[in-house]
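Summary of structural features
Residues per chain, in single letters:
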Amino acid sequence: MTIQENYQEAKKHYEKWGIDVDAALEQLKQVPISIHCWQGDDIGGFEADQQELSGGIDVTGNYPGKAATPEELRSDLEKALSLIPGKHRINLHAIYGETNGKVVDRDEIKPEHFKNWVDWAKKHELGLDFNPTFFSHSKADDGLTLAHPDKKIRDFWIRHAIASRRIGEYFGRELGTPALTNIWIPDGYKDIPSDRLTPRKRLKDSLDEVFSVETDEKYNVDAMESKLFGIGSEAYVVGSHEFYMGYALKNNKLCLLDTGHYHPTEVVSNKISAMLLYSDQLALHVSRPVRWDSDHVIILDDELREIGLELVRNDALDKVSIGLDFFDASINRVAAWTIGTRNMIKALLYALLTPNEHLKQLQEEGNFTERLALMEELKTYPFGAIWDYYCEQMGVPVKEAWLDEVNKYEKSVLSQRKQ
């Protein structure tokens, strides 16, 4: 049978539950995923005075072909985007500016340093998101930035955050779609602190100063991201979930939930509905923690499906900004982007093909037997035939055929790069 014939046959299984499959695919086309640029070069960036990776972040592996220039990174992203169905966004860190070899410190970055990214995004009809970079810098060597006891260091990072928000605003104005500018800092202590409150007071004051400089919300949306612990901040993190949730709600900012930034048994899918009761919008960084915040490439596992289901069943696809955040240097980096992003889209499609209203009704009626049975049976419905058809319609390779494209790109492009 052809892909079209398989699709028509598969539709019947879902239509008996009242699912309009064609409408589901149309809805899926409208959902952009913010794809993180830093998978392509192991979070190295292009600063003229590039420094060692820090902030409790680690990238393992030495697969050949890492992007070493902005042009190489954009080329790799283009290849990945050609294998991923839909129109998406690219998420940049401040260290990915282009300064023509001139040393420009973080508090001096300007929109002009990201003009090439904007021009490229316009050409490919992409949105851009942004992140100030509070790590891999001498003024972050002791693991403190916006909560640092030294006011001079705090002020430096405040200026960096302000500059970053202006760059986000520039992205939004130039591209006609608002940029999400997300603040994550590594601040914390390795061992048990004797004072948890004072650093949080300093962080609150720093954020107040950052946001006292207004940006146009039509072009820039502010978000903040918490973390449970990191390398070097095992005992205490200043920007905890409770801290940022409180600050975001009080100050009308977005709370960004990273799936790797919580206790290993704590899941973000269980937080989305609770947060949306009190906040009009949320943001996600979808990753895959393996025993800790390891940032493995995301797979279509139970939690990813649950995230998709929560977004769809709660009518939140236009309320939650979906970004990715993983980095694996042990495999082909273009393949990593492709695997992860396709899996995120698969999770959304799976949710759109689920009879969510019927399952809600079963729960309300207390019919837990049928609820569980149906949820399990749906896992072996012909989802793959719908996905294959969607990929074909969107002009990207079907099934694992994309691997052939990646292998050709590796042979002709990646393997030619100097390591």
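Residues numbered from 1 in each chain as written. Predicted model: local features only at pLDDT ≥ 70, side-chain atom pairs only at ≥ 80, totals over all residues. Heavy atoms only, no water.

**Side note on helix α6 (residues 197-212)**
Its 16 residues place the ends of α6 22 Å apart at the C-alpha level, agreeing with the 22 Å of an ideal helix rising 1.5 Å per residue. All of the buried residues along α6 are Pro199, Arg202, Leu203, Ser206, Leu207, Val210 and Phe211. Viewed end-on, α6 has its buried residues packed into an arc of 160 degrees, placing them on one side of the element. Facing away from the buried side of α6, by more than 90 degrees, are the exposed residues Leu197 and Ser212. Buried residues along α6 sit against α5 (151-175), β4 (179-183), β5 (188-189), β6 (220-225), β7 (236-237) and α7 (241-251). (Helix = DSSP H or I, 4+ residues; strand = E, 2+ residues; numbered from the N terminus. Expected span 1.5 Å × (residues − 1). Buried < 20%, exposed > 50% of the residue type's maximum accessible area, 1.4 Å probe, protein only. Arc of directions from axis to C-beta. Contact = heavy atoms within 4.5 Å.)

**Focus: the UniProt feature "binding site: Mn(2+)" (unreviewed entry) in the protein**
The UniProt record marks His261, Asp293 and Asp295 with the feature "binding site: Mn(2+)" (unreviewed entry), using the residue numbering of this structure. For the annotated residues, spread through 35 residues, the largest C-alpha to C-alpha distance comes to 9.8 Å, consistent with a single compact locus. In this structure, His261 sits in the loop between β8 (254-258) and α8 (272-276). You can call His261 buried: its relative accessible area is 6%. Each residue touching His261, except ones within four places of it in the same chain, is listed here: Trp184, Glu225, Ser226, Lys227, Leu228 and Asp293. Setting aside residues up to four positions removed in sequence, Asp293 forms contacts with Lys227, Asp258, Gly260 and His261. A polar contact is formed between the side chain of Asp293 and the side chain of Lys227, at a distance of 3.1 Å. (UniProt positions renumbered as here; feature names shortened; annotations may be inferred. Polar contact = N/O pair within 3.5 Å; in protein donor to acceptor, adjacent residues only side chain to side chain.)

**Looking at a nonpolar patch on the surface**
Taken together, the side chains of Leu249, Leu277 and Tyr278 define a hydrophobic patch exposed on the protein surface, amounting to about 390 Å² of accessible area. Position of Leu277 relative to the elements: it lies in the loop between α8 and β9 (282-286). Looking at Leu277, the relative accessible area reads 66%, which means it is exposed. (Patch = residues over 30% accessible without salt bridge, like charges linked within 9 Å, V, L, I, M, F, W, Y side chains within 5 Å. Areas by Shrake-Rupley, 256 points an atom, 1.4 Å probe, with all protein chains shown as cover. Salt bridge = Lys/Arg side-chain N within 4 Å of Asp/Glu carboxyl O.)

**A word on the packing of aromatic side chains**
Applying the stated rule across the entire model yields 17 aromatic pairs. Plain terms: the ring middles of Phe243 and Tyr244 are 5.2 Å apart, the flat faces sit at 80 degrees to each other, and that makes the pair edge-to-face. Tyr244 carries the same exposure label as Phe243, and that label is buried. Taking 6.4 Å as the distance between ring centres and 15 degrees as the angle between the ring planes, the aromatic pair formed by Phe243 and Tyr247 counts as stacked. Taken together, the residues Phe243 and Tyr247, both in helix α7 and 4 residues apart, mark about one turn of the helix. Of the two residues, Phe243 and Tyr247, both sit in the buried class. Through a chain of ring-to-ring contacts, the aromatic side chains of Phe114, Phe130, Tyr170 and Phe171 assemble into a single cluster. Of note, Arg74 hangs over the ring of Trp117, and the distance from its end group to the ring centre comes to 4.7 Å. (Phe/Tyr/Trp six-rings, centres within 6.5 Å; stacked < 30°, edge-to-face > 60°. Lys NZ or Arg CZ within 6 Å of the ring centre and 35° of its normal.)

**Section: the side chain of Ser164**
In this structure, Ser164 sits in helix α5. Overall, Ser164 belongs to the buried group, its relative accessible area being 0%.

**Here we look at the side chain of Asp41**
With respect to the secondary-structure elements, Asp41 resides in the loop between β1 (33-36) and α3 (70-81). Although buried, Asp41 forms no salt bridge, and the nearest oppositely charged side chain, Lys66, lies 6.9 Å from it. Side-chain polar atoms of Asp41 contact the backbone nitrogen of Ile43, separated by 3.3 Å. Here the side chain of Asp41 touches Gly44 through a polar contact of 3.3 Å, landing on its backbone nitrogen. The contacts of Asp41, once residues within four sequence positions are left out, are Phe46, Lys66, Ala67, Leu73, Tyr96 and Arg333. (Lys, Arg positive; Asp, Glu negative; His and termini not counted.)

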